[in-house]
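Coordinates in review
Here are the chains, one letter per residue:
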Amino acid sequence: MTTKIKKYFVIGNPIDHSLSPKLQNYWLKENNINALYDKIKLNEDDLENFIKDIKQQKITGCNVTVPFKQAVIPFIDKLSPEALQTHSVNTIIFNDGSLVGHNTDIAGFTKAIQRLDYNLRGKKVLILGAGGVVPSIIFALNKMGVHQIIVSNRTRQKAENLKNLFKNLKTIEWGNIEYFDMIINATSLGLNNENINLDFSNIGKDKLFYDVIYNPAETNFLKNAKKNGNLIENGKLMFVYQALEAFKLWHEVEPKISNEIFKLLEND
């Protein structure tokens, strides 16, 4: 008797840029797990039926990316403590008859920064954007002992709403720049070669510019920062580490992070 192939997906909109299938399928093969992982573009009104398919085990589990990390929550039975605190889910598993929503973005971001060997304690961090992964990043930054987090979003109210989850936030109007040690682009600006039209000419050098986007590897935001003598980092490590945490939840195996993986992801 052949065992049924388990099916996993990453859901989002847009989804073409996602390298999750490449990474997850590599690990599945390496660990001899009989499963397949694919990406699927959904609209918000498709979510309920898709998640029902996980409950009925037609689909074994899924990752969730922009813009559905909050929208999936009403269809899930339980949330992990991190998912509950951030109101953000990026991994869904089926466990003892229940659908459980997890947030592996927090661990992904934390491990990526630790690997950079960049000490955030006492630093000021400016975040561009207020959706998607931002609550997870704020949660992680607080744990890492930052001094202040400032959020700027094109719709300011969305940034203000984050204060319901995190009391210590400051928000500023989009287009304004305040002093920072680290700046994080958590918007989708850059996925299609867009520029972020903000003036960084007065902030000095040696700041850390971090872009959550990992494909393309260098957005214009990072290219310009590098030209001006700043440190830059894209979201590739965060992506790999959050994927590793999801893989562990589904398969109870810790996959290896090797140079092969980074080569695989660069060859896209």
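Before reading on, note that the structure itself is shown above.
Everything numeric here is computed off the predicted structure, so don't read it as measured data. (Residues numbered from 1 in each chain as written. Predicted model: local features only at pLDDT ≥ 70, side-chain atom pairs only at ≥ 80, totals over all residues. Heavy atoms only, no water.)

**Some remarks on the side chain of Ser98**
Selection criterion: Numbering of helices and strands runs from the N terminus, with a helix taken as a DSSP run of H or I at least four residues long and a strand as a DSSP run of E at least two residues long. Each residue is placed in one exposure class: buried if its accessible area under a 1.4 Å probe, protein chains only, is under 20% of its type's maximum, exposed if it is over 50%, and partly exposed if it falls in between. In this description, contact between two residues means that some pair of their heavy atoms is separated by no more than 4.5 Å.
Its place among the elements puts Ser98 in strand β6 (residues 98-102). By relative accessible area, Ser98 is classed as buried at 14%. Beyond its immediate sequence surroundings of up to four residues, Ser98 is in contact with Asp77, Lys78 and Ile93.

**Some words on the packing of aromatic side chains**
Filter applied, for reference: When the centres of two rings from Phe, Tyr and Trp lie within 6.5 Å, Trp using its six-membered ring, the rings pair. Their planes under 30 degrees apart give stacked, over 60 give edge-to-face, and anything left gives tilted. The rule is short: NZ of Lys or CZ of Arg within 6 Å of the ring centre and within 35 degrees of the ring normal puts a charge over the ring.
Taken as a whole and assessed by the stated rule, the structure comprises eleven aromatic pairs. An angle of 15 degrees between the planes, with centres 4.3 Å apart, marks the rings of Tyr214 and Phe239 as stacked. Of the two residues, Tyr214 sits in the loop between β11 (208-211) and α7 (220-227) while Phe239 sits in helix α8 (residues 236-251), which places them 25 residues apart along the sequence. A residue is classified by how much of its surface remains accessible, and Phe239, at 5% relative accessible area, is buried. A connected cluster of aromatic rings, assembled from ring pairs, spans Phe180, Phe200, Phe209 and Phe221. Of note, Lys123 hangs over the ring of Tyr118, and the distance from its end group to the ring centre comes to 5.4 Å. Above the plane of the ring of Trp174 lies Arg154, whose end atom (NZ or CZ) is 5.7 Å from the centre.

**Let's talk about the pairing of strand β7 (residues 124-128)**
Worth spelling out the cut-off: Should DSSP find at least two bridges between two strands, the strands are regarded as paired. We call a crossover right-handed when, viewed with both strands directed away from the observer, the connection leading from the first strand over the helix to the second proceeds clockwise.
Counting buried positions along β7 gives four out of five residues, so the element sits mostly inside the fold. Across five bridges, the pairing between β7 and strand β8 (residues 148-153) is parallel. Within β8, the residue paired with Lys124 across the bridge is Gln148. Between the parallel pair β7 and β8, the chain is carried across by helix α5 (residues 134-143), and the sense of this crossover is right-handed.

**Considerations on unusual backbone geometry**
Note the cis peptide between Asn13 and Pro14, where omega equals 10 degrees. The step from Asn215 to Pro216 runs through a cis peptide bond, and the omega angle for that step is 15 degrees. Within the secondary structure, Pro216 sits in the loop between β11 and α7. Residues other than glycine seldom take positive phi values, yet Asn32 does so here, at roughly 50 degrees. Tracing the chain through its elements places Asn32 in the loop between α1 (20-30) and β2 (35-41). For Asn32, a relative accessible area of 72% corresponds to the exposed category. One non-glycine residue, His87, lies in the positive phi region at around 55 degrees. With respect to the helices, strands and loops of the structure, His87 is situated in the loop between α3 (81-86) and β5 (91-95). His87 sits in the partly exposed class, given a relative accessible area of 36%.

**Regarding the packing of α8 against helix α9 (residues 259-266)**
Put simply, the rule is: With axes taken as lines fitted to C-alpha atoms, and helix axes fitted only over the stretch in contact, angles between N-to-C directions fall between 0 and 180 degrees. Two helices that cross are described as forming a left-handed crossing if the nearer one is turned anticlockwise from the farther one by less than a right angle, and a right-handed crossing if clockwise. Note on residue classes: Ala, Val, Leu, Ile, Met, Phe, Trp, Tyr, Cys and Pro are nonpolar, Asp, Glu, Lys and Arg are charged, and everything else, Gly too, is polar.
Between α8 and α9, the least distance of the axes is 12 Å, while the angle of their chain directions is 120 degrees. The chirality of how α8 crosses α9 is right-handed. Residues Lys236, Leu237, Phe239 and Val240 of α8 form the contact with α9, whose participating residues are Ile261, Phe262, Leu265 and Glu266. A class-by-class count of the residues in the contact of α8 with α9 yields six nonpolar, no polar and two charged.

**So, the nonpolar core**
For the record, the criterion: Within this scheme, the nonpolar core is defined by two criteria: the residues are buried Ala, Val, Leu, Ile, Met, Phe, Trp, Tyr or Cys, and they are joined through side-chain atoms within 4.5 Å.
Phe109, Ile127, Leu141, Met182 and Ile184 are the most contacted members of the largest nonpolar core, which has 55 residues in total. It is α8 that provides the largest number of residues to this core, a total of ten residues. Not counting residues within four places of it along the chain, the set of residues in contact with Ile127 comprises Val134, Ile137, Ile138, Leu141, Ile149, Ile150, Val151, Ser152, Ile184 and Ala186. The next biggest cluster of nonpolar side chains, apart from the first, holds 19 residues, and it includes Ile54, Phe68, Ile92 and Leu99.

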